[in-house]
Amino acid sequence: YVSPGGGRFQLVFPTISKANHACRPNVDVLAQEEGEGELVSIKPIAEGVEVLVSYLAKPDLLLPKPHRLSLLDNGWEFACSCARCAAPSDD
């Protein structure tokens, strides 16, 4: 994750890094330059529902599906198959 304020640092949090990606995440990652990162719910999460983060920056989530897929393929080397990308039409 990139630190706030211009992203001076790239940060890895051992527990948070286990969370899967979705182009419609249900948590945000708060990445501080010092200390531990935090997952903060951005919508209600029912018991048993997977906690999902976005590997993309917030502005990138506004891009059309082909652009998001390209960013994920180039940056993380995987083809996203989240519910949003699997939908027949892009929102």
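Structure: see above.
Residues numbered from 1 in each chain as written. Predicted model: local features only at pLDDT ≥ 70, side-chain atom pairs only at ≥ 80, totals over all residues. Heavy atoms only, no water.

S.K.: Sorry if this is basic, but what is going on with the packing of aromatic side chains here?
M.R.: Aromatic rings considered in pairs are described by the distance between their centres and by the relative angle of their planes. Enumeration according to the criterion identifies 2 aromatic pairs in this entry. Judged by centre distance (5.9 Å) and plane angle (35°), the rings of tyrosine 55 and tryptophan 76 are tilted. Remark: tryptophan 76 occurs in helix H2 (residues 65-76) and tyrosine 55 occurs in the loop between strand S4 (52-53) and H2; sequence separation between them is 21 residues. Tyrosine 55 gets classed as partly exposed once you look at its relative accessible area, which sits at 23%. Aromatic pair tyrosine 55 and phenylalanine 78: ring centres 5.9 Å apart, planes at 75°, arrangement edge-to-face. Of this pair, tyrosine 55 sits in the loop between S4 and H2 while phenylalanine 78 sits in the loop between H2 and helix H3 (83-86), and the two are 23 residues apart along the sequence. (Phe/Tyr/Trp six-rings, centres within 6.5 Å; stacked < 30°, edge-to-face > 60°. Helix = DSSP H or I, 4+ residues; strand = E, 2+ residues; numbered from the N terminus. Buried < 20%, exposed > 50% of the residue type's maximum accessible area, 1.4 Å probe, protein only.)

S.K.: Looking at this structure, how should I read H2?
M.R.: Structural remark: α-helix, 3.6 residues per turn; residues separated by three or four positions point the same way. The end-to-end C-alpha distance of H2 is 16 Å, a good match for the 16 Å that 12 residues give at a rise of 1.5 Å each. Residues of H2 that are buried make contact with strand S1 (20-21) and H3. The first or second residue beyond H2 is glutamate 77, which carries a positive phi of 55°. (Expected span 1.5 Å × (residues − 1). Contact = heavy atoms within 4.5 Å.)

S.K.: Help me out: how do you make sense of the pattern of salt bridges in this one?
M.R.: A side chain with one charge may pair with a side chain of the opposite charge, provided their charged atoms come close. Applying the stated criterion across every chain yields a total of 2 salt bridges. Put simply, aspartate 28 and lysine 58 hold a salt bridge, and the shortest N to O gap is 3.1 Å. Taken as a pair, aspartate 28 in strand S2 (residues 27-30) and lysine 58 in the loop between S4 and H2 lie far apart in primary sequence, 30 residues in all. Taking the relative accessible area as the measure of exposure, lysine 58 reaches 56% and is therefore exposed. The salt bridge partner of arginine 68 is aspartate 90, with a shortest N-O separation of 3.4 Å. (Salt bridge = Lys/Arg side-chain N within 4 Å of Asp/Glu carboxyl O.)

S.K.: I would appreciate a short explanation of the nonpolar core in the present structure.
M.R.: Note on soluble globular proteins: their nonpolar side chains tend to be buried together. Counting 9 residues, the largest nonpolar core consists of Ala22, Cys23, Leu52, Leu56, Leu61, Leu72, Cys80, Cys82 and Cys85. When neighbours within four sequence positions are excluded, leucine 72 is seen to be in contact with His21, Cys23, Tyr55, Leu56, Glu77, Phe78 and Cys80. (Core = buried A, V, L, I, M, F, W, Y, C linked by side-chain atoms within 4.5 Å.)

Everything listed is a geometric property; what it means functionally is a separate question.
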